[in-house]
Amino acid sequence: MSGPETATSDIVGAAHARLRHDSAVKHVTGDAVYVDDMPPLPGTLEIFPVVSPHAHATIVSVDIAEALRAPGVAGIFGAGDIPGKNDIAPIFSDEPILADGLAEYAGQPVLIVAADTYDLGRDAARLIDIGYEVLDPVLTIDEALEKGQFTYPPHSVVRGDAEGAIEAAPRRVSGEVSCGGQDHFYLESQVALAVPGEDRDITVHASTQHPTEVQRGVAHVLGIEINDVLVEVRRMGGAFGGKETQATGIAALAALAAALTGRPAKLRLRRDDDMIVTGKRHDYRFRYEAGFGEDGRLEGVKIEMATRSGNVADCSSGVMARALCHADNCYYLPHVRFDGLPCKTNTVSATAFRGFGGPQGMLAIETVIEHVAAELGKPVDDIRRINYYGDGGRNVTPYGQTVKDNIIVELTERLMREVDFEGRARAVDDFNAANATLKKGIALMPVKFGISFNLPTLNQGGALVHVYTDGSVHLNHGGTEMGQGLFVKVAQVVASTFQIDIDRIKISSTRTDKVPNTSATAASSGSDINGMAAHIAATEIKQRMARAAADHFGVETGSVEFRANRVYAGNESISFAECAHLAWRARESLSATGFYRTPDISWDAKTMTGSPFYYYTYGACIAEAVIDTLTGESRVLKADILQDVGNSLNPAIDMGQIEGAFVQGMGWLTSEELVWDEDGHLKTHGPSTYKIPGSRDVPPEFNVHILEDAPNMVPTIFRSKAIGEPPLMLAISVWLAIRDAVARTGGRKVFPRLDAPATPEAILMAIEDVRERANQLPSPLTGEG
Amino acid sequence: MTKHHIQTTLNGDEIDVLVEPAQSLLDVLRDELHMTGTKEGCATGDCGACSVTIDGNLVCSCLVLGVEVGGRNIETIEGMANGDQLHPLQDKFIEHVALQCGICTPGLLIAAKHLLEENPDPTEEEVRYGLAGNLCRCTGYQKVVEAVLDAAQVMQK
């Protein structure tokens, strides 16, 4: 379909305007209501989860008799009490909300205590006696690989003959690099409130990115139909992928308690429980081999991509598909073999997190690129340039999609020019020559990120729009608001479509009874699919209103024009409100649904080939960092970003997404370290031990620019582009800059292995390794000792 | 459990409230007084989402017991605006888009207000240090720092 091309601005709050978040005033006054802020209903129970203390154990006995007699306890429920199916798997099956005879990670919920207060539930839980027979846990990638344990069958992206190409290539490198997981650390932890209604109805107020999946999961668990369940989401206090599938279990547990007791029930995980009980970003270990020419042009690349998928598959297959589809990043790779190995371990299931495998895949190929540069002793940006996607056949990804909208060369050249990259690099050299203890590094990170869910089915959006007889508008769609500004963006779209001021449009909470069968607000696709659906719904109503106006003025429908809060026919006009009233009198429906399916996408999950992405979003960052070679501490000194957002629907919102994503990515790669002990207990389960970036950790010089005049080449809503995830990967520049600084401690003679996150310990170990190897070498670059 | 009768001043109003010995000030605010603007981020005093001031001192309300606050002067986010008239910091947070999901925002505003009371004309670095106890997962802090610096200028006029 041809999308709307532009939006005019003779109304307040049109598309492309810099508008504040629609809840901004409520945010600053504390009036915004989150699930835990809802006024308590009489008789509301709070749920205390009882979790397995063992990473792997058979549950041999459960004694709740004494706990049931404790004050305030309304019920204690386990897997055996579930009336429907103990399964909330989003893709596969048999993923329980309560351990049934077997606990598969330390922190897995076994029972829930529903009591008058959280504290009473916790007190009662101390009286519960669960007998465990402890089994050996499988905690590492190597252990899982040795046992051949996967959460779903491994899959690969293959093109040509990678091994043959590597064998035949003039030069080769191989190596290994790992990146850690990441806790979402949304400031609002997981929470759901379930309220039983008439018959077997149940209403769930959930903090979820995926109301439909919560609805389905609750119905499944309670053994009722989907239409018995209503899920409502007004807003989340952050999500970042952590509330895409992980919110379902929380909501299902609340619904279980509500259904079994007949009382409203709330489950809010406290911070430490949230971190222990719910899933995180997938950590990965990459083993790579690459063959290339003397000029650095890659011929064959082979990467084994092994991840700890955790106890169940959850959405790991999707994450892996995206990792496999982003391990090319911006580079044409003629012969490829990427093997994705989803290791089943006795750790909490890894899950969606902003970027969804993309950041991990890119980190791998950037390591290959840098290793090639180090091997050849050439500037890494020369190696990037020679390998960027181009023309003449060098524009097809390993999975078979032709890259038609490539702007990475222009974008990176422009950024390098604007920040005087060469001058900056020389200044870094000078600094390093003059400083023995502190070493600086500088790096560019180019990003190409595919937009659309890998699985075509998910690329659909729905909206429901009503116009009332006073010309006010009610807007609803399937997307959820987690702080990212989706609601205001979609409202801007509708304002532009109707040509009315945005304050005439009521933004409403996401509800499964208004727009059914929705996809998660994820994959950066929120405004693409919901914005277009809302536009389609509004356009439908507008056509009916135009018909009524045409009758009224005695003109052709085609000559009716909506402009600046009015409806025009030649020289005559009426207000939008008058037109709405007119249309009602003429018995036109002023309510419409809109439905959008992303066109031109395909994916064959068996062969891992197709064109899964409607378009790509591009960006680049140049980061400069300094390390202290005695302590291993690092600091980012400066970051310059140039990001493609198409024709931004709201540059103020998009800037916030870029800055926030970058800092979040920086945290993943520097300070955020998840540590499990040898028994599989997470030791970093609160902000005192798990360090997300604070206000002093972000670059003191932080320049973010949106690429101007860069409309999306495909007809997305007002030619905008997705923004939620792509900028997170720009932060890989920080990690590359730190690795560059580490390399300088060995005179850049050897390529450092630096695992992420680059904590002080990791940096110190990398420095030691680099110095040791550099000292052993007669320099391969200069031939000198 | 015996509840304790506490008389204190909250956002300028004298109030009476019955609190349990183990209840934190945060719990008293949210559960007893239904003032939910103050948020629980971690309940360990590390994230700043529950920041309030007591007698002008910036504290994490999750680390203060309700029974400790008798006869004090407590200020929370609900007392920051003057009716419909927002505080300059609130205005500037909106203007600079220094918020996204909004959970850390009340705590950040309380901390920023305290900072500017102590130091009306802070440098950028002083703002970054002053807000170091408040975690934000959405914004990356850049716009928050800009908003506070801008508000400081306005408030000095």
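Here's what I pulled together on the structure shown here. (Residues numbered from 1 in each chain as written. Chains lettered and ligands numbered in written order. Predicted model: local features only at pLDDT ≥ 70, side-chain atom pairs only at ≥ 80, totals over all residues. Heavy atoms only, no water.)

Residue and element names in this part refer to chain A. Of all five residues in strand β11 (residues 229-233), five are buried; the element is thus mostly enclosed. Burial along β11 is two-sided: Val229, Val231 and Val233 facing one way and Leu230 and Glu232 facing the other are all buried. Strand direction decides the pairing type here: strand β10 (residues 202-206) and β11, joined by four bridges, are parallel. When the sheet's bridge partners are listed, Ile202 is paired in β11 with Val229. Tracing the backbone out of β10, into helix α6 (residues 211-222) and back to the parallel element β11 gives a crossover that is right-handed. (Buried < 20%, exposed > 50% of the residue type's maximum accessible area, 1.4 Å probe, protein only. Helix = DSSP H or I, 4+ residues; strand = E, 2+ residues; numbered from the N terminus. Pairing = 2+ DSSP bridges. Right-handed = clockwise from strand over helix to strand, strands pointing away.)

With that settled, consider the sheet that holds strand β21 (residues 560-563) of chain A. Residues and elements named next belong to chain A. With respect to topology, three strands assemble into an open sheet ordered β21-β22-β23, the strand pairing being antiparallel. Each end of this open sheet is capped by a strand with a single partner; those strands are β21 and β23 (572-575). Pairwise comparison of adjacent strand axes, ignoring direction, gives a mean angle of 25° for this sheet. Two elements, strand β22 (residues 566-569) and β23, share four bridges in a ladder whose sense is antiparallel. Paired with Val567 across the two strands is Ile574, which belongs to β23. (Axes fitted to C-alpha atoms, helices over the stretch in contact; angles between N-to-C directions.)

Our next topic: the state of the cysteines. Summed over the entire model, instances satisfying the criterion amount to zero disulfides over all chains. A:Cys330 supplies the cysteine sulfur nearest to A:Cys325, a cysteine that is in no disulfide, at a spacing of 15 Å. In this model B:Cys47 remains outside any disulfide bridge; the closest cysteine sulfur is found in B:Cys42, 3.8 Å from its own. The class of B:Cys47 is buried, set by a relative accessible area of 2%. (Disulfide = S-S within 2.5 Å.)

Before going further, it helps to spend a moment on the packing of helix α2 (residues 88-95) of chain B against helix α3 (residues 105-118) of chain B. Residues and elements named next belong to chain B. Contact geometry for α2 and α3: axes closest at 10 Å, N-to-C directions at 125°. If you check the angle between α2 and α3, you find them oblique. Here the hand of the crossing between α2 and α3 comes out right-handed. In this structure, α2 uses Leu89, Gln90 and Phe93 to contact α3, whose residues at the interface are Thr105, Leu108, Leu109, Ala112, Lys113 and Leu116. Taken together, the residues of the contact of α2 with α3 sort by class into six nonpolar, two polar and one charged. (Parallel < 35°, antiparallel > 145°, perpendicular 65-115°, else oblique. Left-handed = near helix turned anticlockwise from the far one by under 90°. Contact = heavy atoms within 4.5 Å. Nonpolar A, V, L, I, M, F, W, Y, C, P; charged D, E, K, R; others polar.)

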